[in-house]
Amino acid sequence: MTALPEPWRLLTIAEYEALGEDDQTRWELQEGILMMSPSPKPRHMRLGARLFSQVDEQLPDELVAVPDVDVDLQLVPAEGPATVRRPDLVIVDSSEYQRVEAEGGVLRASAVHVVVEIVSPGSRRTDYVTKRSEYAEAGISHYWILDLTTPLSLVAFVLTDELGYADNGEVTGEFTTNSPCALTIRLDQLG
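About the thresholds
Per-chain numbering applies: the sequence of each chain, read as written, is numbered from 1 onward. Note on the predicted model: pLDDT of at least 70 is required for a residue's local features to be given, and 80 or more for side-chain atom pairs to be given and counted; whole-chain, interface and lining totals, by contrast, use all residues. Here the side-chain values reflect all heavy atoms present in the structure, with hydrogen atoms and water set aside. Each helix corresponds to a stretch of at least 4 residues labelled H or I by DSSP, and each strand to a stretch of at least 2 residues labelled E; elements are numbered beginning at the N terminus. Here the expected length of a helix is defined as 1.5 Å per residue gap, with one fewer gap than residues. Summary of the burial criterion: residues with accessible area below 20% of their type's maximum are buried, those above 50% are exposed, and those between are partly exposed, where the area comes from a 1.4 Å probe applied to protein chains only. Note that the arc is defined by the directions from the helix axis to the C-beta atoms. Any two residues whose heavy atoms approach within 4.5 Å are treated as being in contact. Throughout, nonpolar core names a set of buried Ala, Val, Leu, Ile, Met, Phe, Trp, Tyr and Cys residues whose side chains join them through atoms within 4.5 Å. Whenever two N or O atoms come within 3.5 Å, that pair is a polar contact, provided that in protein one can donate a hydrogen and the other can accept it, and provided that, for residues adjacent in sequence, both atoms are side-chain atoms. Only when DSSP finds a minimum of two bridges between them are two strands counted as paired. Here the aromatic set is Phe, Tyr and Trp, taking the six-membered ring for Trp, and pairing holds for ring centres within 6.5 Å; pairs whose planes are under 30 degrees apart are stacked, those over 60 apart are edge-to-face, and all others are tilted.

Chemist: Would you take a moment to explain helix α2 (residues 42-56) for this structure?
Modeler: Here α2 spans 21 Å end to end across 15 residues, near enough to the 21 Å set by a 1.5 Å rise per residue. Taken residue by residue, α2 has H44, L47, G48, L51, Q54 and V55 as its buried positions. Down the axis of α2, the buried set is contained in an arc of 125°. They therefore lie on one face. Looking at the buried positions of α2, the neighbouring elements they touch are β3 (63-67), β6 (89-93), β8 (112-119), β9 (142-147) and β14 (183-186).

In structure tokens, the structure reads:
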């Protein structure tokens, strides 16, 4: 990562991308403000890896699962103070994945179908309130929240025209969906 910018300056998406990779710190950008969060605990990481494995093997060729990756929420014009989140997992169009591979940059919310956040002790409010609002505003069709509390549960939010995200409550054991494609997640095999 290059030197951090002046703390009083709100960053655009281009300025955030120019910071480069950082294997020491987990960064996100919230309305132009660079935010640091602690690295997830081992259980969180293991659960995320198992979730990725289950999802990845079920996806059709036109979709790709990507863990722990930057997503530009595209909430403002390119010259405005950007919001970039780093979800635990996304399901994105293969063409968007290939664009980033070929051209660089970060994934764009407009090509993301599912965002998954795994709740950590310090992220509950951010995941359930702030990110839920941001992902809905960005037009991401599906937002899943995995809660590590026993028993492991998943809440699957679906974007609606009139209400923002709506859900059918927490699911334990097994979660199935047909959107964006047919998927079965064995929650009891994640933890």
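Here the narrative resumes, following the displayed structure.
Chemist: Looking at this model, I keep getting lost on the environment of I118. Mind explaining?
Modeler: Relative to the elements of secondary structure, I118 occurs in strand β8. For I118, a relative accessible area of 3% translates into the label buried. When sequence neighbours within four positions are dropped, the list of residues in contact with I118 reads H44, L47, G48, D88, S123, D127, L146 and L148.

Chemist: Would you mind going over the nonpolar core with me for this structure?
Modeler: Nonpolar side chains tend to gather and get buried jointly when the protein is soluble and globular. Ranked by internal contacts, the top residues of the largest apolar core, which has 23 residues, are W144 and L146. When residues of this core are traced back to their parent elements, those giving at least two are α2, β3, β6, β8, β9, β10 (153-160) and β14. In contact with L146, not counting residues within four places along its chain, are L47, L51, V116, E117, I118, V119, S153, L154, L187 and L190. With 22 residues, the next largest nonpolar core counts V66, V112, I140 and Y143 among its residues.

Chemist: Help me out: how do you make sense of the environment of T130 in this one?
Modeler: With respect to the element layout, T130 can be found in helix α4 (residues 124-137). A relative accessible area of 24% means that T130 is categorised as partly exposed.

Chemist: Looking at this model, I keep getting lost on the side chain of R26. Mind explaining?
Modeler: Secondary-structure assignment places R26 in strand β1 (residues 26-30). Among the polar contacts listed, one links the side chain of R26 to the side chain of D68, at a separation of 2.8 Å. Separated by 2.7 Å, the side chain of R26 and the backbone oxygen of R86 make a polar contact.

Chemist: Would you mind showing me how to read helix α3 (residues 94-103) here?
Modeler: Taken together, the buried positions of α3 are occupied by S94, E96, R99 and V100. Against β3, β6 and β7 (107-108) lie the buried residues of α3. Backbone geometry just downstream of α3 places G104 in the positive-phi region, at approximately 85°.

Chemist: I tried to follow the pairing of β6 on my own but got confused; where do I start?
Modeler: If a strand is regular, its side chains alternate between the two faces of the sheet. Counting buried positions along β6 yields four of five residues, so the element is predominantly enclosed. Sheet analysis places β3 next to β6, joined by five bridges and oriented antiparallel. Of the residues in β6, the one forming a bridge with L63 is D93.

Chemist: I tried to follow the packing of aromatic side chains on my own but got confused; where do I start?
Modeler: The geometry of an aromatic ring pair comes down to the distance between the two centres and the angle between the two planes. A complete count under the given rule lists five aromatic pairs for this structure. The interplanar angle of 75° and the centroid separation of 4.9 Å between the aromatic rings of Y135 and Y143 together place this pair among those described as edge-to-face. A relative accessible area of 0% means that Y135 is categorised as buried. Their ring planes at 25° and their centres at 5.8 Å tell us that Y143 and F157 sit as a pair that is stacked. Separated by 14 residues along the polypeptide, Y143 in strand β9 and F157 in strand β10 bring together distant segments of the chain. As far as burial versus exposure is concerned, Y143 and F157 are alike and both buried. Aromatic ring contacts, followed pair by pair, group Y135, Y143, F157 and Y165 into a single cluster.

Chemist: Help me understand unusual backbone geometry, please; the structure alone is not making it clear to me.
Modeler: Glycine aside, residues mostly have negative phi angles, and peptide bonds mostly take the trans form. Along the chain, T150 connects to P151 via a cis peptide bond; the corresponding omega equals -5°. Residue placement: P151 occurs in the loop between β9 and β10. Following S179, the chain continues to P180 via a peptide bond in cis, the omega torsion being 10°. You can see P180 is positioned in the loop between β13 (174-177) and β14. Although it is not a glycine, E31 sits at a positive phi angle of roughly 50°.

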